[in-house]
Amino acid sequence: MLKINNLHVSVGDKPILKGLTLDVPAGEVHAIMGPNGAGKSTLGYALSGRPGYEAAEGAVSWNGEDLLALDPAERAAKGVFLSFQYPIEIPGVPALTFVRTALNAQRRARGEEEVSAPNFLKLVRAAATRLKMDFDMLKRPLNVGFSGGEKKRMEILQMALLEPSLLILDETDSGLDIDALRIVADGVNALRSPERSMLVITHYQRLLDYIKPDRVHVLAAGRIVASGGPELAHQLEAEGYDKYLPAAA
Amino acid sequence: MAAVKETVEAVAELERYKHGFTSDIEQEFAPKGLNADIVRFISEKKGEPEWMLEWRLAAFERWQAMEEPTWASVRYEPVDYQDLHYYAAPKKKAGPKSLDEVDPELLAVYEKLGIPLKEQEVLAGVQGAPRVAVDAVFDSVSVVTTFKAELARAGVIFMPISEALREYPELVRQYLGSVVPVSDNYFAALNSAVFSDGSFVYVPPGVRCPMELSTYFRINASQTGQFERTLIIADKGSYVSYLEGCTAPMRDENQLHAAVVELVALDDAEIKYSTVQNWYPGDAEGRGGIYNFVTKRADCRGDRSKVSWTQVETGSAVTWKYPSCLLKGEESSGEFYSIAITNGRQQADTGTKMVHLGKNSRSRIIAKAVSAGKSDSTYRGLVSVHPKATGVRNFTQCDSLLIGKDCGSHTIPYIEARNGSAHLEHEATTTRLSEDQLFYAQQRGLSEEEAVALLVNGFVRDVLQELPMEFAVEAQKLVAISLEGSVG
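Rules used throughout
Residues numbered from 1 in each chain as written. Chains lettered and ligands numbered in written order. Predicted model: local features only at pLDDT ≥ 70, side-chain atom pairs only at ≥ 80, totals over all residues. Pairing = 2+ DSSP bridges. Helix = DSSP H or I, 4+ residues; strand = E, 2+ residues; numbered from the N terminus. Axes fitted to C-alpha atoms, helices over the stretch in contact; angles between N-to-C directions. Contact = placed C-beta atoms within 7 Å. Nonpolar A, V, L, I, M, F, W, Y, C, P; charged D, E, K, R; others polar. Core = buried A, V, L, I, M, F, W, Y, C linked by C-beta atoms within 7 Å. Buried ≥ 20, exposed ≤ 12 C-beta atoms within 10 Å, placed from the backbone. Left-handed = near helix turned anticlockwise from the far one by under 90°. pLDDT = per-residue confidence, 0-100.

*Asks:* Can you explain the sheet that holds strand β7 (residues 166-170) of chain A? Please cite residues and give values.
*Replies:* Residue and element names in this part refer to chain A. Strand order in the open sheet made by the six strands is β6-β7-β8-β3-β9-β10, with mixed pairing throughout. The strands lining the two open edges of the sheet, one partner per strand, are β6 (80-83) and β10 (223-228). Put simply, the sheet's adjacent strands are angled 20° from each other on average, direction ignored. With four bridges joining them, strand β3 (residues 29-33) and strand β9 (residues 215-220) adopt parallel strand pairing. Directly across from Ile32, in β9, lies its bridge partner His217. Contacts between helix α5 (residues 148-162) and the sheet are confined to β6 and β7, with β6 contributing the most and set at about 170° to the helix.

*Asks:* Quick one: what's the story with the sheet that holds strand β17 (residues 393-402) of chain B, residue by residue and with numbers?
*Replies:* Note: strands within a sheet are paired through backbone hydrogen bonds, in either parallel or antiparallel orientation. Residue and element names in this part refer to chain B. Spatially, seven strands are ordered β4-β7-β9-β12-β15-β17-β19 in an open sheet, and the strand pairing comes out parallel. Lying at the two open borders of the sheet, with one neighbouring strand each, are β4 (239-244) and β19 (423-432). Adjacent strand axes in the sheet meet at a mean angle of 5° when their direction is disregarded. For β4 and strand β7 (residues 270-277), the ladder comprises six bridges, and the chain directions are parallel. Considered in β7, the bridge of Val240 is made with Ile271.

*Asks:* Go over the interface of chain B and chain A with me, naming the residues and quoting the values.
*Replies:* Taken together, the contact between chain B and chain A spans 16 residues of the former and 22 residues of the latter. Secondary-structure elements contributing two or more residues to the side of chain B that touches chain A are α12 (435-443) and α13 (448-459) of chain B. The dominant element in the side of chain B that touches chain A, judged by the number of residues it contributes, is α12(B), at six residues. Of the residues in the side of chain B that touches chain A, the class split is six nonpolar, six polar and four charged.

*Asks:* With reference to specific residues and values, describe the nonpolar core.
*Replies:* Grouped together as the largest cluster of nonpolar side chains are 192 residues, with contacts concentrated most on A:Val200, B:Val201, B:Ala234, B:Leu263, B:Ala265, B:Ile271 and B:Val456. At seven residues, α13(B) tops the list of elements feeding residues into this core. The contacts of B:Ala265, once residues within four sequence positions are left out, are B:Ala234, B:Glu270, B:Ile271, B:Ala298, B:Cys300, B:Arg301, B:Gly302, B:Ser305, B:Lys306 and B:Val307.

*Asks:* Quick rundown of the packing of helix α3 (residues 50-64) of chain B against helix α10 (residues 186-194) of chain B? Include the residues and the values.
*Replies:* All names here are of chain B. Look at α3 against α10: their axes get within 7 Å of each other, and the N-to-C directions meet at 145°. In this structure, the crossing between α3 and α10 has a hand that is left-handed. Within the contact between the two elements, α3 uses Arg56, Ala59, Phe60, Arg62 and Trp63 and α10 uses Tyr186, Ala189, Leu190, Ser192 and Ala193. Along the lines of polarity and charge, the residues of the contact of α3 with α10 split into seven nonpolar, one polar and two charged.

*Asks:* If you had to explain the confidence of the model for chain B to someone new, which residues and values would you point to?
*Replies:* Residues and elements named next belong to chain B. Looking at chain B as a whole, the pLDDT averages 78, with 74% of positions reaching at least 70. Overall, residues 1-27 carries pLDDT values under 50, and its contacts beyond four positions in sequence, including any with other chains, amount to 31 contacts. For residues 127-145, every residue scores under 50 in pLDDT, and the model assigns this stretch 33 contacts once sequence neighbours within four places are set aside. Both scores are available for the predicted complex, with the pTM at 0.79 and the ipTM at 0.96.

Written as structure tokens, this is what we have:
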């Protein structure tokens, strides 16, 4: 279970999150929706430990553990995975090498045995097939020259292989056409399980047709200003975020 | 045969070293300083022919008349040439008695490189370790045996140059100094006068050397002095791949290393020369590190000959070297692939010279510089096209990666095209290690140091791929080790 209590985060001198409180029980999918500049991406960075996004105040615990005391790699080893809105290009490092290095680093940190090359390749082939990805693409440097859709699929592929328990999807639907969106959503849904918690950050309701949330929260001006069931997403789609904006001002 | 002989000699040499502590060591070492008598002493110790002594003395005379160059963008304490030993000096001090007395930091590095314990003792200069050195040599006895039989069958000569001077004096005489003349530069002249040893390779016409000349020599290399001399001749239509250097960081007390490497490629011959250099870079303030002032040059004098230099430079306090190609033959080709990594207070001024004299000669330069800490790295390269060389092509790519705020990186290309038909391309980039990339890798579970190592290995990948397989793996680890502590 993820517990966020009164989280304050400033980027530079600018306060972005101003007392955000949220619980995501194990096995649940929660959507975070909100207007541009509300602090959605900041939340993802703060949870995953990006330098410059440290908490000024508040607490975050994941399965009882103080997440804020850990560095990004330690958080990853504890199961935190952030699917980037804009996945980063890593020149010269084949995607396969990158993911295998990451997987083994996490396993070492948890005191588990490293995955052998043949076993790893088996896992990758299966995951790539499910995501309808060309295996040869994985021999290319990670994300370099990939289309927007390919980059997002690559994120989901990494997620499938790293098997995280706290999944944070930051605008995973942006840049995807309908077919790609369905494939990506299927990939995410395949990872739903009673032990996993998911935070789906999105601007539009569209993604939530494919990844059905248990709860929907509205993030505006650095706080959760409304929470509800899936119907809240439809309401937002119809009415927009306007009514939450005055509260922000 | 050479290999066995070399092994036996290595053993004998080590025995001498062992006993040197108890008997009269004064006879083993030349006194400090440099004069004609020292040159004679070295030549005599090596049992060299008379002409070789004359050659050395002529070099010494030229050296005395020369000035130490100052044009490189490196700064270092002046070398007192009269305060150095020019023969067997490094073995003067008693080594540690066991690994317990060796700097744990050094051992940690060996550990990471996956060097077996016994070999670690040898590298750290532990007393009594010479026995181990022999074992280490014989550890790879299969290599040596295969090596010996196969090389002999192929007719390849591979031996210390001092031995070649006795066994094949005419061959050595024909080529020695023909690529790097005695008076070429200050350090080459010095090397010519006092070089202690090095290796000699001759590959006969049409022979493809059946193995990389490497594994065996690696251990042997730790016994050679500060002025190494290497001469490699690939006769018509032959091929050889030579791996130079110690991939383990030798703790070396020599301040100055001024080696000379000469390569000769005749018609249709190919030489691939790979270096991984990881000498002691000095402490955090740069004290005590090696000055690596090397002259390396290849003479592609045959038509369609080809020489490829690949270097991974991570060590030394000051590196100053430009492995070059004289492309004399028609359609000859030269390649230079370089990774220069500097950290701490290291300085590197390195690059290449491609001198196009032959028609339709081609060259390719890929240089990657990684600077971290307070280090400074300069790529300095010359591409020159002779008026009569038509149809020349060159491609140059220089990429620099900066880690942190206090390092520097410079690219200084010199291009001289005296023939209008030449096609010369130059590309250069300078980038800073991106925080986005670092965080992305860390978010996926890599520690900061693992992330830096992965990203840097990606940056230098084009060059790493040019290294022979076994070397590439070690080089990859070396990249990670040499950048430890460079961030955060």
